[in-house]
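Observations on chain architecture
For reference, the chains in residue letters:
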Amino acid sequence: MKVQDPCQSADQRVCEATRDLARALLRRMVETAAGIEPRIRTLVATQSEHSGGYTLWRLHGANGRLLLQFDLLQEPQPVWNKLTADLCLLARLADLRTHPPGFYYVHPLPDPRDIAVPLPANPRGLAPRTIGRLQ
């Protein structure tokens, strides 16, 4: 199903390429997360006060249940570095001011510093709608 792009016609090719990159990042995140903990279905990140980027904060399972919460004052173990880097890049790609939530597979949460990325069971498909259960 083709998703309606809210970009102006002059920017649609850039938006399409960005969405393709976001989809590739999402597929890689699914593989990385499954290699670490197969039950992960949603990643929650928060903006880092130090770097301005995002920090991996919480991991949720398929039913929205919290699997793991990171201490934001400490560095996560190195096993999480690749997943965190992909999540940060995906969050930077997502322009939530001009695109609807989920267009780049990133969803805002009630706290404007937080975002959620649901990982699809099928990485070629769209992400499932599990965000409402995480609040």
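All chains use their own residue numbering, which begins from 1 and follows the written sequence. Residues qualify for local features only when their pLDDT is at least 70, as the model is predicted, and side-chain atom pairs are given and counted only at 80 or more; totals for whole chains, interfaces and linings, by contrast, use all residues. No hydrogens and no water enter the side-chain calculation; it runs on all heavy atoms of the structure.

This brings us to the packing of aromatic side chains. Note on aromatic pairs: the rings of Phe, Tyr and Trp (six-membered ring only in Trp) are paired at centre separations within 6.5 Å, and the planes decide the class, stacked below 30 degrees, edge-to-face beyond 60, tilted for the rest. One pass over the full model with this rule turns up two aromatic pairs. An angle of 80 degrees between the planes, with centres 5.2 Å apart, marks the rings of Phe70 and Trp80 as edge-to-face. Highlighted residues: Phe70 in the loop between strand S3 (66-69) and helix H2 (81-93) and Trp80 in the loop between S3 and H2, separated in sequence by 10 residues. When sorted by exposure, Phe70 lands in the same class as Trp80, which is buried. With a centroid separation of 5.0 Å and 85 degrees between ring planes, the pair formed by Phe103 and Tyr104 is classed as edge-to-face. Assigned by exposure class, Phe103 and Tyr104 land together as buried. A positively charged side chain is recorded as over a ring if its NZ (Lys) or CZ (Arg) lies within 6 Å of the ring centre. The angle to the ring normal must also be within 35 degrees. The ring of Phe103 is capped by Arg19, whose NZ or CZ atom sits 4.8 Å from the centre of that ring. Secondary structure elements are taken from DSSP: a helix is a run of H or I of four residues or more, a strand is a run of E of two residues or more, and numbering for both begins at the N terminus. The rule is simple: take the accessible area with a 1.4 Å probe, protein chains only, and divide by the maximum for that residue type; under 20% is buried, over 50% is exposed, in between is partly exposed.

Quick look at helix H1 (residues 12-36) now. To estimate the expected span of a helix, count its residues, drop one, and scale the result by 1.5 Å. Compared with the 36 Å implied by 1.5 Å per residue over 25 residues, the 36 Å span of H1 between its first and last C-alpha is a close match. Taken together, the buried positions of H1 are occupied by Cys15, Thr18, Arg19, Ala22, Leu25, Leu26, Met29, Val30, Thr32 and Ala33. Buried residues along H1 sit in contact with strand S1 (42-47), H2 and strand S5 (114-118). In what follows, residue pairs with any heavy atoms lying within 4.5 Å of each other are defined as contacts.

This part is about the pattern of salt bridges. For this analysis, a salt bridge means a side-chain nitrogen from Lys or Arg found within 4 Å of a carboxyl oxygen belonging to Asp or Glu. Inspection of every chain in the model, using the stated rule, returns four salt bridges. The residue Asp20 makes a salt bridge to Arg23 at a minimum N-O spacing of 3.0 Å. One end of the pair, Asp20, and the other, Arg23, are both in helix H1, three residues apart, so they sit about a helical turn from each other. Assessed through its relative accessible area of 39%, Asp20 is described here as partly exposed. For Arg28, the salt bridge identified is with Asp86, shortest N-O distance 2.5 Å. In this pair, Arg28 sits in helix H1 while Asp86 sits in helix H2, placing the two residues 58 residues apart along the sequence.

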